[in-house]
Amino acid sequence: MGDVRIFYLEMNSPKQLVEKPPVADLIILEAEIKEFRFNQYLYRLIGESWQWVDKLNDSPRQWQAHVERPQLRTWVAYYKGTIAGYFELEIADNGDVEILYFGLAPKFIGQGFGGYLLSTAVKHAWQLCQAKRVCLNTCSLDHPRALANYQACGFQLYTQTA
């Protein structure tokens, strides 16, 4: 795998969002009833291509503790009845909202869904979670266009590690 670089990005105002247009037939719904097994499935579906490994060995109890807490909210994108992607927003006590996990299912990469899904995540962070700041991180193992897509949506890089 070599050296993995981690990029930390932020938005300090809703005005920074460069909103992407809606995608026909893409429906984004909040998973209002928290079910950790569903989040676990989404994590594996979306993350397997990008070496998401930080939670792979978590026990059911750890997954439940992660998902079924009030600070975490999950939204799922569906296209023609199929899961196209998802995002998790984690609300911190200081008002930061982190896009904790974000991505598209493999069959939906490259179809123009990512920009609108990201715009929706950012809007929900500001509007529904009352964010004072929206942040996320990505790494060099992610999709080659991930960092550029985050920046095109209005995120600013504030630090990186090697």
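Fair warning: this is a prediction, and the values are worked out from it, not measured in the lab.

Student: Please give an account of the layout of surface pockets that cites residues and values.
Tutor: In this structure, the largest pocket occupies an estimated 470 Å³ of space. As for the largest pocket, its lining consists of 20 residues, and the residues nearest its centre are Trp 52, Tyr 101, Asn 137, Thr 138 and Cys 139. Contributions of two or more residues to the lining of the largest pocket are made by β5 (96-104) and β6 (133-139). Here the element with the most residues in the lining of the largest pocket is β5; it accounts for five residues.

Student: Which residues make up the nonpolar core, and what values do they have?
Tutor: One finds Ile 99 and Phe 155 to be the most contacted residues of the largest nonpolar core, which totals 48 residues. Once residues lying within four places of it in the same chain are set aside, the contact partners of Phe 155 are Leu 9, Glu 10, Met 11, Ile 99, Leu 118, Val 122, Val 134, Cys 135, Leu 136 and Tyr 150.

Student: Could you give an account of helix α1 (residues 36-47), naming the residues involved and the relevant values?
Tutor: Each α-helix turn comprises 3.6 residues. Residues three or four places apart therefore point the same way. Between the first and last C-alpha of α1 there are 16 Å, a value that for 12 residues agrees with the 16 Å anticipated at 1.5 Å per step. Buried residues of α1: Phe 36, Asn 39, Gln 40, Leu 42, Tyr 43, Leu 45, Ile 46 and Gly 47, and no others. On the buried face of α1, the contacting elements are α2 (60-67), β3 (72-79), β4 (82-91) and β5.

Student: Let's hear about helix α3 (residues 114-127): which residues, and what values?
Tutor: Taking 1.5 Å of rise per residue, 14 residues should cover 20 Å, and α3 covers 20 Å from first to last C-alpha, within 8% of that figure. The element α3 is largely enclosed, with a buried count of 10 among its 14 residues. For α3, the complete set of buried residues consists of Tyr 116, Leu 117, Leu 118, Ser 119, Thr 120, Ala 121, Val 122, His 124, Ala 125 and Trp 126.

Student: Can you break down the pattern of salt bridges residue by residue, with the values?
Tutor: Tallying each qualifying case throughout the model produces seven salt bridges. One salt bridge in this structure joins Lys 123 and Glu 19, with 2.8 Å as the shortest N-O distance. Of the two residues, Lys 123 sits in helix α3 while Glu 19 sits in the loop between β1 (6-11) and β2 (26-30), which places them 104 residues apart along the sequence. A residue is classified by how much of its surface remains accessible, and Lys 123, at 23% relative accessible area, is partly exposed. Judged by its relative accessible area of 46%, Glu 19 is partly exposed. Where Asp 96 meets Arg 133, a salt bridge forms, and the shortest distance between an N and an O atom there is 2.7 Å. Taken together, the residues span a long stretch of sequence, with Asp 96 in strand β5 and Arg 133 in strand β6 at a distance of 37 residues. Of the two residues, Asp 96 and Arg 133, neither departs from the other in class, the shared state being buried.

Student: Break down the packing of aromatic side chains for me, citing the residues and quoting the values.
Tutor: Across all of its chains, the model carries 11 aromatic pairs by this definition. Relative to Phe 113, the ring of Phe 108 lies with its centre 5.8 Å away and its plane at 20 degrees, an arrangement referred to as stacked. Here the two residues Phe 108 and Phe 113 agree in accessibility, since each one is buried. One aromatic cluster is present, built from ring pairs that chain together Tyr 43, Trp 52, Trp 63 and Tyr 101. Across from the ring centre of Trp 63, 4.9 Å away, lies the NZ or CZ of Lys 55, which sits over that ring.

Student: Lay out the environment of Gln 111 in plain terms, naming residues and giving numbers.
Tutor: For Gln 111, the position within the fold is in the loop between β5 and α3. With relative accessibility at 43%, the residue Gln 111 sits in the partly exposed group. Spatially, the C-alpha atoms of Gln 111 and Val 23 are 9.6 Å apart, while their sequence positions differ by 88 residues. For Gln 111, the side chain forms a polar contact with the main-chain oxygen of Lys 107, separated by 2.7 Å.

Rules behind the numbers
Residues numbered from 1 in each chain as written. Predicted model: local features only at pLDDT ≥ 70, side-chain atom pairs only at ≥ 80, totals over all residues. Heavy atoms only, no water. 1 Å grid on protein atoms, 1.4 Å probe; cavity = no way out; pocket = protein on both sides within 12 Å on 5 of 7 lines; lining within 4 Å. Points joined across faces, edges and corners; volume = space filled by probe spheres on them. Helix = DSSP H or I, 4+ residues; strand = E, 2+ residues; numbered from the N terminus. Core = buried A, V, L, I, M, F, W, Y, C linked by side-chain atoms within 4.5 Å. Buried < 20%, exposed > 50% of the residue type's maximum accessible area, 1.4 Å probe, protein only. Contact = heavy atoms within 4.5 Å. Expected span 1.5 Å × (residues − 1). Salt bridge = Lys/Arg side-chain N within 4 Å of Asp/Glu carboxyl O. Phe/Tyr/Trp six-rings, centres within 6.5 Å; stacked < 30°, edge-to-face > 60°. Lys NZ or Arg CZ within 6 Å of the ring centre and 35° of its normal. Polar contact = N/O pair within 3.5 Å; in protein donor to acceptor, adjacent residues only side chain to side chain.

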